Every structure is written in structure tokens, then in C-alpha cells.
Amino acid sequence: RNKLGLQDVCNEDAELTSLSDEMGTSDEEEESDRPQVVHQHEKIVLEDLNGSLAFLTFSRFAVVEEATHLLIKVRASTFSPEDAKKCSGSGLSKAMLPYVPGQVVIGTIEDVGSDVDSFFEIGDKVIGMVEGGGCSRFLSAEAENFVKAPSNLGNSTALALMQDWMPAYRALHKAKIAIKRANLFGMNILITDAMLPAGQAAIALAREEGANIYCCADKTHHGYLKSLSSKVTCLESRSELWLPAVREQMDVVIDNSCTDGYVSSCQALGRKGVLITLPYVTFDDKRLFGLFDMDSFERKMNTTKANYTMCQTIPVDTKEEFKLYNEDESNEERMNFVRDFQYLATMHDKGIIRPKISEKVSLQEVSSSHHKFRSGIVGRGGGTVVCFPWKKENE
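Residues numbered from 1 in each chain as written. Predicted model: local features only at pLDDT ≥ 70, side-chain atom pairs only at ≥ 80, totals over all residues. Heavy atoms only, no water.

Please explain the nonpolar core as it appears in this structure.
Across soluble globular proteins, you tend to see nonpolar side chains buried next to one another. Among the nonpolar cores identified, the biggest contains 58 residues, and Ile127, Leu205, Leu225, Ile276 and Leu344 are the most heavily contacted of them. Considering every element that reaches this core, the biggest residue donor is helix H4 (residues 155-178), with 12 residues. With sequence-adjacent residues up to four places away left out, Leu225 is seen in contact with Ala194, Met195, Ile203, Cys215, Ala217, Val232 and Cys234. (Core = buried A, V, L, I, M, F, W, Y, C linked by side-chain atoms within 4.5 Å. Buried < 20%, exposed > 50% of the residue type's maximum accessible area, 1.4 Å probe, protein only. Helix = DSSP H or I, 4+ residues; strand = E, 2+ residues; numbered from the N terminus. Contact = heavy atoms within 4.5 Å.)

Below, the structure is given as C-alpha cells:
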């Protein structure tokens, strides 16, 4: 799944018919009247587990790899902290190489597999979540990984909403269900790392509902966070410093850092409060164990422990939810997911929310973004890093 699905062309100047004869023709190709086109293809690739990214350019046919796939001409994709971590060798094995980063993708459909539902048509603008492959000009991936994107929504904005704002929105939505409230007006909400993209998204969404927002962050960011809302109260970033100020006073805690196994977050909750956990990423070299992802494992263990021994705990992971929704035969949850995304798009159209883009990079510049994530230079400002595969370096 999610491979590029592009067949090699040995000679750019060769005629298409001779190349087709040389390479063979699949059943799908025989059924299609659409001519194959040679594309100048580019991608960024992790070829070994030492963290070195290679930029590749070549000429190839762009084809649908499987009958259930869409062939996407990628307009933009995210390069996330999780991508940077994978490109450092965590969560991957040698059998999974070469790995192409980019897990949230937006683009237009170039071709449709023979078994794909008629809901999708060539030329549709779509957005989706994949295991990798977005930092590439073309991507062949399962159709179920994609939904139609609003035509009036910019590519960068759409990616930011899907990657960073959907977790925040889903977290607050599930919190309201748990505490049996129609809205968050007057509720006390704590965000353990307010400067991360999902943290800033949660601030903006909670602000619109009139919540009292308590933000944990380094002091250098307090001025900025206070500018986001008059309802923001800033706290120190270390849990031993912020806990005394909020102990047993919070209705909702959104923990996107898990600094102490959620112990402090649970202690901050009132009697009927709820803890919402979001995925987090660290770049501690001592914790990068190849295929074994310590952060993911510890989050699942700590979430289970917190739920059964400390407080009401609800994990939110939009990527995992999206996978499960694809397997839901009733399709109801998937429709709810799409509806939530469309609601965020409407909020953006009305000027209520403004996703922050921290960097726009070309494929050649992805390697630089990888090093910036590792060093902490990028990502701490709360924006989304977007890769444009058709953008030239320094353009």
C-alpha cells in the first residue's frame, strides 16, 4: 500500500509504444483508453536507517498500482514531526525501505483503479492520510484513504486542518460528550504543551466556546499565547511548577506531551473532569529503537494505566481513527469525520480560525526541515510544515 506505483522508463526519448511492449501491459491498461504519459518525477527518499534523505529525479510512466488505488498528482503534503522521526530510523525496518515521508496529502486524481467506487472521478481534488509517500510528485494509494477536499480551500490550509486542527477539534468534541456539556462556556481547560500546533488549535477552538484556557509553555512564549485570547492563563512548562496552581480545578486536560505518564494531568482534574491524550513525538536518540517506537508504546501503556487507575481518560488519534473508519461498514463514523473536517473548513472560510504554516518547502528542502525538527528549530512555533513537490528549491 501507498507505494509510488510508477514504472521505470529507461530512455526519455523512446516512443511510448515500444516502451509498453518492453514492459508488458496489465489488464487495467488494456481496459483503459487513456494514453500513458511520461512524467518528470521527483521524490525524497530515506534509503537506509541512518537518517540520510536522498532527492531523486527521473522519468517514469504514472500508473495506478492496484485496482483499488487512486493515482494522485500531489499538490502538497505535510512533513510532520512523525515524518522526521521516521526519517531518523524510528518505526521503520530495513524491509520497509525505501521510505518516502509525507502522511497527509492533497492533490488531484490523475487516474482511478478499476475497483474504485464511482464516487471518485479524474480531476477531483482529494485529501487523505497515508503511511507515507506524500513527499513525491505522484502517489498511488488506496482510495479509501482519501476524501474529497473543498475546492475553495487552499492546499496548505487543508493540510494544516487535517493534520493539526482535527486532533484538537476531536479532543474537545469528545471532552464535551464525556462531561455531558453542549459547549465549553466557563469550563477550565488545561493544555500541557500549548505551543505545539494541536495545542494552538485547541486554544483557538476553546476560545470560540468561551472556555477558560490554561496554557503550559516556556516563559518566552507567554506573551504570544496571551495575545490569542483574554481567557488565556499562562503557566510554566514543567509539571511540578504548574500543578500547584491548577490541582483538582480542571474540567478538561488535553495532554499532548505526557511528561510524567499523565500523573500530573490526572491530579489537575476536578472530580468529574476528563483527560484527553494526543500523540506526541520526541527526538531523544536514546529512545529511537528502529522498528520499535517507544513513544507510541508508552503512550498506549500510560493511557491505559491512567484510565484504569487514575482518572477518566480518552485517547484521541485521528490517524488511527481514520483507519478504523475505513473499516466501518456502516460508514457513519467516516461521514462524521468528514463532517468535522468540513466544519473546520467553514470556520476558516468565515475567518474564525487561521491555521499557521511555519514553512513551505520544496522536495530538495525536506532534508533541511528534517534536521530542523531534530534540533528543535522548527515545530516549536506551532505551525505546519508543508512540502510542495512541484516547487523548486529557494523559489
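Anyway, onward from the coordinates.
Sorry if this is basic, but what is going on with helix H11 (residues 332-349) here?
Within an α-helix, residues lying three or four positions from one another point in the same direction, as the helix has 3.6 residues per turn. Relative to the 26 Å expected for 18 residues at 1.5 Å per residue, H11 spans 26 Å between its end C-alpha atoms, a close match to the ideal helical length. For H11, every residue scored as buried is listed here: Arg334, Phe337, Val338, Asp340, Phe341, Leu344, Ala345 and Met347. (Expected span 1.5 Å × (residues − 1).)

How should I be thinking about the state of the cysteines in this particular structure?
Two cysteines, two sulfur atoms, one covalent bond between them: this is a disulfide. All told, the structure shown has one disulfide when counted by the stated rule. The disulfide that involves Cys266 links it to Cys311, with 2.1 Å between the sulfurs. What sets the handedness of the Cys266 and Cys311 disulfide is the S-S torsion sign, and at about -40° it is left-handed. Placement of Cys266 in helix H8 (residues 263-268) and of Cys311 in the loop between helix H9 (294-309) and strand S16 (313-315) is noted, with a sequence separation of 45 residues between them. You'll find Cys266 and Cys311 in the same group, each marked buried. (Disulfide = S-S within 2.5 Å.)

Can you help me understand helix H12 (residues 366-375) in this one?
For H12, the set of buried residues is Val366, Ser367, Ser369, His370 and Phe373. For H12, the buried positions fall inside an angular range of 160° around the axis, keeping them on one side. (Arc of directions from axis to C-beta.)

What is the right way to look at the packing of aromatic side chains in this model?
In this description, an aromatic ring pair is defined by two values, namely the gap between the centres and the angle between the planes. Evaluated as defined, the whole model comprises five aromatic pairs. The interplanar angle of 45° and the centroid separation of 6.0 Å between the aromatic rings of Phe79 and Phe373 together place this pair among those described as tilted. Taken together, the residues Phe79 in the loop between strand S4 (69-78) and helix H3 (81-86) and Phe373 in helix H12 connect sequence positions 294 residues apart. A centroid spacing of 5.6 Å and a plane angle of 45° characterise the contact between Tyr169 and Tyr343, whose relative ring orientation is tilted. With a gap of 174 residues between them, Tyr169 in helix H4 and Tyr343 in helix H11 connect regions that are remote in the sequence. In this structure, Lys73 packs its charged tip against the face of Trp390, placed 4.7 Å from the ring centre. Residue placement shows Lys148 over the ring face of Phe119; its charged tip is 4.4 Å from the ring centre. (Phe/Tyr/Trp six-rings, centres within 6.5 Å; stacked < 30°, edge-to-face > 60°. Lys NZ or Arg CZ within 6 Å of the ring centre and 35° of its normal.)

Got a minute to help me understand the pattern of salt bridges in this structure?
It is possible for side chains of opposite charge to pair when their charged atoms get near one another. Overall, the coordinates contain 14 salt bridges when judged by the stated rule. When the shortest N-O distance is used, the salt bridge between Lys86 and Glu131 registers 4.0 Å. With Lys86 in helix H3 and Glu131 in the loop between strand S6 (125-129) and strand S7 (138-142), this residue pair connects regions lying 45 residues apart in the sequence. With a closest N to O distance of 2.8 Å, Arg238 and Glu240 form a salt bridge. By relative accessible area, which is 48% here, Arg238 ends up partly exposed. Among the charged side chains, a network of salt bridges with common partners joins Glu82, Lys86, Glu131 and Lys319. (Salt bridge = Lys/Arg side-chain N within 4 Å of Asp/Glu carboxyl O.)

What am I meant to see in the pairing of strand S10 (residues 212-216) here?
Each regular strand shows side chains that alternate between the opposite faces of the sheet. Most of S10 sits inside the fold, with four of its five residues counted as buried. The pairing of strand S9 (residues 188-191) with S10 spans four bridges and is parallel. Within S10, the residue paired with Ile189 across the bridge is Ile213. Where the polypeptide runs from S9 across helix H5 (residues 197-208) and back to S10, its parallel neighbour, the crossover connection is right-handed. Pairing of S10 with strand S11 (residues 232-235) involves four bridges; the strand directions are parallel. (Pairing = 2+ DSSP bridges. Right-handed = clockwise from strand over helix to strand, strands pointing away.)

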